[in-house]
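Listed here are the chains, written in short residue letters.
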Amino acid sequence: MVFAKKDKLYLIGFMGSGKSTLGKKIARSLNYEFFDLDQAIESYAGASVSSIFQTQGEIGFRLLESECLSHFNNNKNIVIATGGGTPCFYHNMEMMLQNGCCVYIKMPEGALYQRLYKASPKRPLLVDKNEEELRDYIHELLLQREETYLKSHLIIDGMSVDTNSLVGVLKHKMIPNPALR
Ligand code: S3P
């Protein structure tokens, strides 16, 4: 059996699932460096995620996203908070499964809605949706994406994350790699 590499952690999950907040905590506990993929894209492109969507469309954003993700392939001792769509485009999920340990922060739809309702103007995929449209969109997109998210090495409950036990698992346990089994 082949095990996941734990010198690089990718946090995976839907928009609003708390990847950056948890990522920073885990990085602090493991003494790893923390990166937010959206911020890395913004620095690389010299433009905000919203303006990349406006000028280059989602296709342009996804290309930049995949390129920036691969820039981390040779880094060690890092935690990366990915974007909600990152695992679902190109070979990003396979690349992450090969290069590090993927942790899916699973959240119920209702909780995602509550969080995203307030934060939708910042997110190009959610702008201009009314309450009902937003609920339907989250439902559909989560259905589409979850199959990919569930390929992660570890799946954690985003409603009751115990950072200490998660860090314990990451430090001590061997995690079988589904991509390499
Ligand atoms: C996206 C999620 C966003 C950002 C972009 C697209 C998505 O990141 O990458 O707006 O497709 O789910 P967060 O998950 O950090 O909001």
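Preceding this paragraph is the structure being described.
Everything in this summary refers to the structure shown in the same document. Computed from a prediction, not measured in an experiment: that's the story for all the values here. (Residues numbered from 1 in each chain as written. Predicted model: local features only at pLDDT ≥ 70, side-chain atom pairs only at ≥ 80, totals over all residues. Heavy atoms only, no water.)

## Description of the site of the ligand
Defined as follows: Nearness is judged by heavy atoms alone; a residue qualifies as near a molecule or strand once a single heavy atom is within 4 Å of it. Under the rule applied, a polar contact is a pair of N or O atoms within 3.5 Å (in protein, one hydrogen donor and one hydrogen acceptor; residues adjacent in sequence only if both atoms are side-chain atoms). Here the Shrake-Rupley method, with its probe set to 1.4 Å, supplies the accessible areas, and only the displayed protein chains count as covering residues. Both cavities and pockets are sets of points on a 1 Å grid over the protein atoms alone; in a cavity a 1.4 Å probe fits but cannot get out, in a pocket the set is open with protein on both sides within 12 Å along at least five of seven lines, and lining residues sit with an atom within 4 Å of a point. Any molecule with more than half of its atoms within 2 Å of a cavity's or pocket's grid points is counted as sitting in it. Under the scheme applied here, ten amino acids are nonpolar (Ala, Val, Leu, Ile, Met, Phe, Trp, Tyr, Cys and Pro), four are charged (Asp, Glu, Lys and Arg), and all others, including Gly, are polar.
Neighbouring the ligand are 13 residues; Lys-19, Asp-38, Arg-62, Arg-123 and Arg-145 lie closest to it. Note that an oxygen atom of the ligand is positioned 2.6 Å from one of the side-chain N or O atoms of Lys-19. One of the side-chain N or O atoms of Arg-145 is found 2.7 Å from an oxygen atom in the ligand. Computed on the free molecule, the ligand has an accessible area of 390 Å², of which 93% lies beneath the protein chains in the complex. Its atoms largely coinciding with the cavity grid, the ligand occupies the largest pocket. Split by residue class, the shell around the ligand holds five nonpolar, three polar and five charged.

## Brief notes about a nonpolar patch on the surface
As a reminder, the rule being used: The residues that make up patches have over 30% relative accessible area and no salt bridge, and they are joined within 9 Å when like-charged or within 5 Å when they are Val, Leu, Ile, Met, Phe, Trp or Tyr. Salt bridge, as used here, is a side-chain nitrogen of Lys or Arg placed within 4 Å of a carboxyl oxygen of Asp or Glu. Only protein chains enter the accessibility calculation, which uses a 1.4 Å probe. A residue is then buried if its area is under 20% of the maximum for its type, exposed if over 50%, and partly exposed in between.
Among the surface-exposed residues, Ile-59, Leu-63 and Tyr-90 lie close enough to one another that they form a single nonpolar patch of about 340 Å² accessible area. Exposure remark for Ile-59: the relative accessible area of 65% places this residue in the exposed category.

## Some points on the environment of Thr-21
The test is simple: Working definition: helices are DSSP H or I runs of at least four residues, strands are E runs of at least two. Numbering for both runs from the N terminus.
Checked against the element boundaries, Thr-21 lands in helix α1 (residues 19–30). C-alpha of Thr-21 to C-alpha of Gly-158: the two residues are 137 residues apart in sequence and 11 Å apart in space.

## What about the packing of aromatic side chains?
Put simply, the rule reads: Stacked, tilted and edge-to-face pairs are distinguished by plane angle, under 30 degrees for stacked and over 60 for edge-to-face with tilted covering the rest, among Phe, Tyr and Trp rings (Trp via its six-membered ring) whose centres lie within 6.5 Å. Two limits define a charge over a ring: the Lys NZ or Arg CZ must be within 6 Å of the ring centre, and within 35 degrees of the ring normal.
A complete count under the given rule lists four aromatic pairs for this structure. Across the ring face of Tyr-137, the terminal group of Lys-129 is positioned such that the distance to the ring centre comes to 4.5 Å. Over the aromatic face of Tyr-113 sits the side chain of Arg-135, whose NZ or CZ is 3.8 Å from the ring centroid.

## Notes on a negative patch on the surface
So the rule is basically this: His is not counted here, nor are the chain ends, while Lys and Arg score as positive and Asp and Glu score as negative. One atom stands in for each charge, and that atom is NZ of Lys, CZ of Arg, CG of Asp or CD of Glu.
On the surface, a cluster of negative charge is made up of Glu-132, Glu-133, Asp-136 and Glu-140. With respect to the helices, strands and loops of the structure, Glu-133 is situated in helix α6 (residues 131–149). According to the relative accessible area criterion, Glu-133 is partly exposed, its value standing at 39%.

## Comments concerning the pattern of salt bridges
Tallied over the entire structure, the rule returns four salt bridges. Between Glu-58 and Arg-62 there is a salt bridge; the shortest N-O distance is 2.9 Å. Placement of both Glu-58 and Arg-62 in helix α3 (residues 49–71) is noted, with a separation of four residues, approximately one turn of the helix. Within this structure, Glu-58, Arg-62 and Glu-65 form a network of salt bridges that share partners.

## As for the pairing of strand β3 (residues 78–81)
Keep this limit in mind: Any two strands with at least two DSSP bridges between them are considered paired.
Across the two faces of β3 the burial is the same, with Ile-78 and Ile-80 and Val-79 and Ala-81 all buried. Bridging between strand β2 (residues 33–36) and β3 involves four bridges; their strand directions are parallel. In the sheet register, Glu-33 faces β3, and the bridge partner there is Ile-78.

## A few points about the pairing of strand β4 (residues 101–106)
For β4, the tally of buried residues reaches five of six residues, placing the bulk of the element in the interior. Relative to β4, strand β1 (residues 8–12) is paired through four bridges, and the arrangement is parallel. Bridged to Leu-9 within β4 is Cys-101.

## A closer look at the side chain of Asn-92
Rules: Pairs of residues are marked as contacts when any of their non-hydrogen atoms sit within 4.5 Å.
With respect to the helices, strands and loops of the structure, Asn-92 is situated in helix α4 (residues 92–99). The buried category is assigned to Asn-92, whose relative accessible area is 1%. Within polar-contact distance, the side chain of Asn-92 engages the side chain of Ser-66 at 2.7 Å. Contact partners of Asn-92, with chain neighbours within four places excluded, come to Ser-66, Leu-69, Thr-86 and Pro-87.

## Quick notes on the side chain of Asn-99
With respect to the helices and strands, the residue Asn-99 is situated in helix α4. Exposure remark for Asn-99: the relative accessible area of 16% places this residue in the buried category. What Asn-99 contacts, discounting residues up to four positions off in sequence, is Lys-5, Asp-7, Lys-8, Tyr-10 and Asn-73.

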